[in-house]
Amino acid sequence: MNLKSIVFAAILPTMILTGCGQQTAPSTPIEKDLQAEAASLAQEILIVDTHIDVPYRLNETPDDVSVRTEGGHFDYVRATEGGLNAAFMSIYIPASFQEEGGARALADELIDLVEGIVAHAPDKFAIARSVADVRASFDRGVFALPLGIENGAAIEDDLGALQHFYDRGVRYVTLTHSEANLICDSSYQEERRWNGLSPFGREVVAEMNRLGIMVDISHVTDDTFFQVIEISKAPVIASHSCCRHFTPGFERNMTDEMITLLGEKGGVIQIAFAPSFLNEAAQKQSMELWPIIQKYAKENNVGWDDPGVKEQVALYYQEHPKAGASVSDVADHIEHVIELVGIDHVGLGSDFDGISDTPTGLEDVAAYPNLIAELLRRGHNEQEIRKICGENVLRVWTEVERIAAESS
């Protein structure tokens, strides 16, 4: 299990990647027609997922994602089956690198890995540095791989590193991850180091605006969010977050007030698929399991991939039937955002390969048609589904590009 899976409370319900990719079997003629319509629509529209953790997965367990893989949630074959056209490759930097050093070097290593995927299968993959690149790849039938750094610790204490990463193709930076860094505070920590953005963090936001790098507020504290919204000249994104309305008290998700302000400022929230982000029961279980795993690992001086840790998880679920989540939960979050701010401010940021439990019906990248079918079932039309599946985040990215161009 990768280090990201450790720090994400969302992943605790299971320690095994599913990657099954089986779509829910329609049981009636109407359902069959709906699923067929969804499958067809998925192949016609441009689908963009803003957060998939392929680089860190492959860095730990090398594999060839240009063909069907047995592990993980993503590969080219399943992505093609599901109609996915572009996926931001998460350049994930564990918080441990903030103290140990080497965060920037790891980011470069993971970017090299993504470039290696493209070099290995240039007929299937292409790096995307702009919205135009994404659309051009779509027109050519090539899978687009834009880049997003998860954890601004990668820039270390050097503002100039943002230019370096921009030149390498990075088009969003998640300001922090599981712990406060030099930029801002993390929603996963009770301690507030900066009470929002640090002075350096304010410079980082301004420089990202200047360069044309989207500011990603997933993982940050509420105070950090409000300060970013206040100072950013460009709309911001939440690359993989959900609505706190369904998980009261879980700061990692966004409140109605935050979502409303995000929308008013032209931004977009990309709904994540982690079960404990999606409903209160799954969130409660993950919070109960977290200290059990921490205690066992510390007392036995073992890593989080130790068989004993997995046994602790299994024992917990013998006594506590897993709450889980479904494709319907994801649709509930999408509709809640629409009720708050309209159809133009919500999209998809699955966190595939960064979570080890997935909603029923959304097991891997082959399953996007199941979500489209659910949206059709709820009365959403093709234009609305196009926005949710990709056009909304591309609109925000375009605006970020425009503001950067005007400031140069």
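Notes on the structure in this doc start here. Quick caveat: nothing in here was measured; it's all calculated off a predicted structure.

### Structural notes on helix α13 (residues 280–300)
Relative to the 30 Å expected for 21 residues at 1.5 Å per residue, α13 spans 31 Å between its end C-alpha atoms, a close match to the ideal helical length. Those residues of α13 not exposed but buried are Ala282, Gln283, Gln285, Ser286, Leu289, Ile293 and Ala297. In this structure, the buried side of α13 is in contact with α12 (275–278) and α14 (307–319). A side-chain oxygen of the first residue of α13 lies 3.2 Å from the backbone nitrogen of Ala281; this N-cap is Asn279. Taken from the residues just after α13, Asn301 is the one with a positive phi, measuring 50°.

### Points about the packing of helix α16 (residues 368–377) against helix α17 (residues 382–407)
If you want to describe how two helices pack, look at the angle between their axes and the distance between the axes. Where α16 meets α17, the closest approach of the two axes is 10 Å, and the angle between their N-to-C directions is 145°. Of the two elements, α16 crosses α17, and the hand of that crossing is right-handed. Mapping the contact onto sequence places Ile372, Leu375 and Leu376 in α16 and Ile385, Ile388 and Cys389 in α17. The residue inventory of the contact of α16 with α17, partitioned by class, reads six nonpolar, no polar and no charged.

### Focus on the pattern of salt bridges
This model, assessed by the stated rule, comprises 23 salt bridges. Close ionic contact of Asp75 with Arg78 constitutes a salt bridge, the shortest N to O distance being 2.6 Å. Of the two residues, Asp75 and Arg78, both sit in the buried class. Glu299 serves as the salt-bridge partner of Lys295, at 2.7 Å between the closest nitrogen and oxygen. Taken as a pair, Lys295 and Glu299 lie in helix α13 at a separation of four residues, close to a single helical turn.

Cut-offs used in this document
- Residues numbered from 1 in each chain as written.
- Predicted model: local features only at pLDDT ≥ 70, side-chain atom pairs only at ≥ 80, totals over all residues.
- Heavy atoms only, no water.
- Helix = DSSP H or I, 4+ residues; strand = E, 2+ residues; numbered from the N terminus.
- Expected span 1.5 Å × (residues − 1).
- Buried < 20%, exposed > 50% of the residue type's maximum accessible area, 1.4 Å probe, protein only.
- Contact = heavy atoms within 4.5 Å.
- Polar contact = N/O pair within 3.5 Å; in protein donor to acceptor, adjacent residues only side chain to side chain.
- Axes fitted to C-alpha atoms, helices over the stretch in contact; angles between N-to-C directions.
- Left-handed = near helix turned anticlockwise from the far one by under 90°.
- Nonpolar A, V, L, I, M, F, W, Y, C, P; charged D, E, K, R; others polar.
- Salt bridge = Lys/Arg side-chain N within 4 Å of Asp/Glu carboxyl O.

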